[in-house]
Amino acid sequence: MKPIALILALVFFVLGILYWMGTINFFTKSGAAHEHHTTHLIACWALALLCLIWARFQSNAPARR
Amino acid sequence: MTFTQALLLALLQGVSELFPVSSLGHTILVPAVLHWTNIDRSAPSFLAFVVVLHLGTAVALVLFYRREWAAIVRALVVSVVRGRLSDDPEECVGWRLVVGTIPVGILGVALEHPVRQLFGSPAPAAAFLAINGLVMFLGEYLRRRVKRERPIESITYGQSVFVGFAQALALLPGISRSGASMVAGLLSGLDHENAARFSFLLATPVILAAALLEIPKLFAADAHVVLVQAIVGGIAAGIAAYFSVAFLTRYFRSNDLRPFGWYCLIVGIICFVLSRMGVIS
């Protein structure tokens, strides 16, 4: 699961940058709504961070199942 | 916007954000019922005012649960550093809050604007308010079939996601964030007190993040027009929210959602009929 978590983290990280640059506009008003793109950047990076934490938990054996 | 209107809206926001009666629905319906036609909901000054109200509410929630949040954040940091989950109750609650926040975070960012453009008028808000009441009755009815009443740390991550999705229903004006998440909590086996606690803890990062993300609106060209109203309103909303959460945590120790269900159902139906008759618009 660790590779999946790391790949997802990378995907969300890149997705955030693409939103911020305005390259992709899913669920946004294209072009003018720049602050909305910043919101998507923050949301994507938050998900990337969670994926990294998930990967961190995969590095050690769980204490409980 | 007059000073009295600002103060009333602030108190309304502070109370209705935490009571399971939909703050968004009320901030649409109350100005419509009172014919406050001088308020332009899309004006930069009004948006800045709303941001301050949300900040006040979020600060009140953080202050009320300050000891719990300190313990939860500490437990989460320790957990990440250790790289392992443990049975520590604060850590368990913390990760369930993180998992439960993901659905509302994603759906909120993606759908908030289109949903509000579609349903941001009195008639849909009134209809959803009535539905919100029915959902609470349904939740109370179905809860009786769930035998177990357990602490927050014992619910599964899947149930946390379920509560998170329920909370996301509050994107619809008229559906209450705390009401929907409490119903989902009850159906996951929590008692009323723990369902309310989980709901308020879950609401805190969402309200705070939403307010922080909107802070740039405070620096819009016309935002300073309502500076005094915003400051007074933020404090009033914070005080109202603090006393609301203090009241509700006591209330749900021995009471249920049905009184709020009746309120939402009756007010929702009345406002829907009035909006269809053209009395409010």
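Residues numbered from 1 in each chain as written. Chains lettered and ligands numbered in written order. Predicted model: local features only at pLDDT ≥ 70, side-chain atom pairs only at ≥ 80, totals over all residues. Heavy atoms only, no water.

Notes on the overall build of chain A
Let me state the cut-off plainly: Secondary structure elements are taken from DSSP: a helix is a run of H or I of four residues or more, a strand is a run of E of two residues or more, and numbering for both begins at the N terminus. Relative accessible area decides the class of each residue, using a 1.4 Å probe on protein chains only: under 20% of the type maximum gives buried, over 50% gives exposed, and in between gives partly exposed. By the convention used here, residues are in contact when the closest approach between their heavy atoms is within 4.5 Å. What sets the accessible areas is the Shrake-Rupley method with a 1.4 Å probe; for residues, cover comes only from the shown protein chains.
Counting its regular elements, chain A contains 2 helices and 0 strands. The buried share among the 65 residues of chain A stands at 29%. In chain A, the proportion of contacts linking residues at least 24 apart, taken out of those at least 6 apart, comes to 56%. Just so you have it, chain A exposes about 4200 Å², and 74% of that area is on carbon and sulfur atoms.

What about a nonpolar patch on the surface?
Residues and elements named next belong to chain B. Where we set the bar: A residue counts toward a patch only above 30% relative accessible area and without a salt bridge, and it is joined to like-charged neighbours within 9 Å or, for Val, Leu, Ile, Met, Phe, Trp and Tyr, to nonpolar neighbours within 5 Å. Salt bridge, as applied in this entry: a Lys or Arg side-chain nitrogen positioned within 4 Å of an Asp or Glu carboxyl oxygen.
On the surface, F3, L7, L11, V59, L63, L227, V228, I231, I235, I239, Y242 and F243 cluster together to form a nonpolar patch covering roughly 1100 Å² of accessible area. Those elements that place two or more of their residues in the nonpolar patch are helix 1 (3–16), helix 3 (44–64) and helix 10 (227–254). A total of 7 residues in the nonpolar patch trace back to one element, the largest contributor, which is helix 10. Secondary-structure assignment places L227 in helix 10.

Let's talk about the packing of aromatic side chains
All names here are of chain B. Spelled out, the test is: The aromatic pairing rule takes the rings of Phe, Tyr and Trp, using the six-membered ring of Trp, and pairs them if the centres are within 6.5 Å, calling planes under 30 degrees apart stacked, those over 60 edge-to-face and the rest tilted.
In total, this model carries 12 aromatic pairs over all chains according to the counting rule given. Pairing F137 with W262 gives two aromatic rings, centres 4.9 Å apart and planes at 70°, and the pair type is edge-to-face. A residue pair is termed long-range when its members are at least 10 positions apart, and F137 in helix 6 (residues 122–143) and W262 in helix 11 (residues 258–276) qualify at 125 residues. With 6.3 Å between their ring centres and 85° between their planes, Y242 and F243 make a pair best called edge-to-face. Among the aromatic side chains, those forming a connected cluster through ring pairs are F19, F247, Y251, F252 and F260.

Section: the interface of chain A and chain B
Selection criterion: Buried area: the accessible surface (1.4 Å probe) lost by two parts on joining, summed over both. We call two N or O atoms a polar contact when they sit within 3.5 Å, provided that within protein one can donate a hydrogen and the other can accept it, with sequence-adjacent residues counted only if both atoms are side-chain atoms. Each residue gets one label: Ala, Val, Leu, Ile, Met, Phe, Trp, Tyr, Cys and Pro are nonpolar, Asp, Glu, Lys and Arg are charged, and the others, such as Gly, are polar.
Of the residues lining the interface, 16 residues belong to chain A; the matching set on chain B comes to 20 residues. Both sides together, the interface formed by chain A and chain B hides about 1600 Å², and carbon and sulfur atoms give 68% of it. The interface formed by chain A and chain B holds 2 residue pairs in polar contact (both at pLDDT 80 or more) in total. Residue composition of the side of chain A that touches chain B, grouped by class: 10 nonpolar, 4 polar and 2 charged.

A few points about the packing of helix 2 (residues 23–33) of chain B against helix 6 of chain B
Residue and element names in this part refer to chain B. Selection criterion: The convention used is that axes are lines fitted to C-alpha atoms, helices contributing only their stretch in contact, and that angles between N-to-C directions extend from 0 to 180 degrees. For this classification, under 35 degrees means roughly parallel, over 145 means roughly antiparallel, 65 to 115 means roughly perpendicular, and everything else is oblique. The crossing is said to be left-handed when, going from far helix to near helix, the turn is anticlockwise and less than a right angle, and right-handed when the turn is clockwise.
Interaxial distance between helix 2 and helix 6 falls to 9 Å at its minimum, and their mutual angle equals 125°. Classified by the angle their axes make, helix 2 and helix 6 are oblique. Relative to helix 6, helix 2 is oriented so that their crossing is left-handed. Here G25, H26, I28, L29 and A32 of helix 2 lie close against helix 6, whose contacting residues are P122, A125, A126 and L129. Residue classes in the contact of helix 2 with helix 6 are distributed as 7 nonpolar, 2 polar and no charged.

Re helix 2 of chain B
Residues and elements named next belong to chain B. Among the 11 residues of helix 2, 9 are classified as buried, and the element is accordingly described as predominantly covered. All of the buried residues along helix 2 are S23, L24, G25, H26, T27, I28, L29, P31 and A32. Where the residues of helix 2 are buried, they touch helix 1, helix 5 (89–119), helix 6 and helix 11. Here helix 2 starts with a cap whose side-chain oxygen sits 2.9 Å from the backbone nitrogen of G25, and that cap is S22. The positive-phi residue at the C-terminal boundary of helix 2 is H35, with phi of around 55°.

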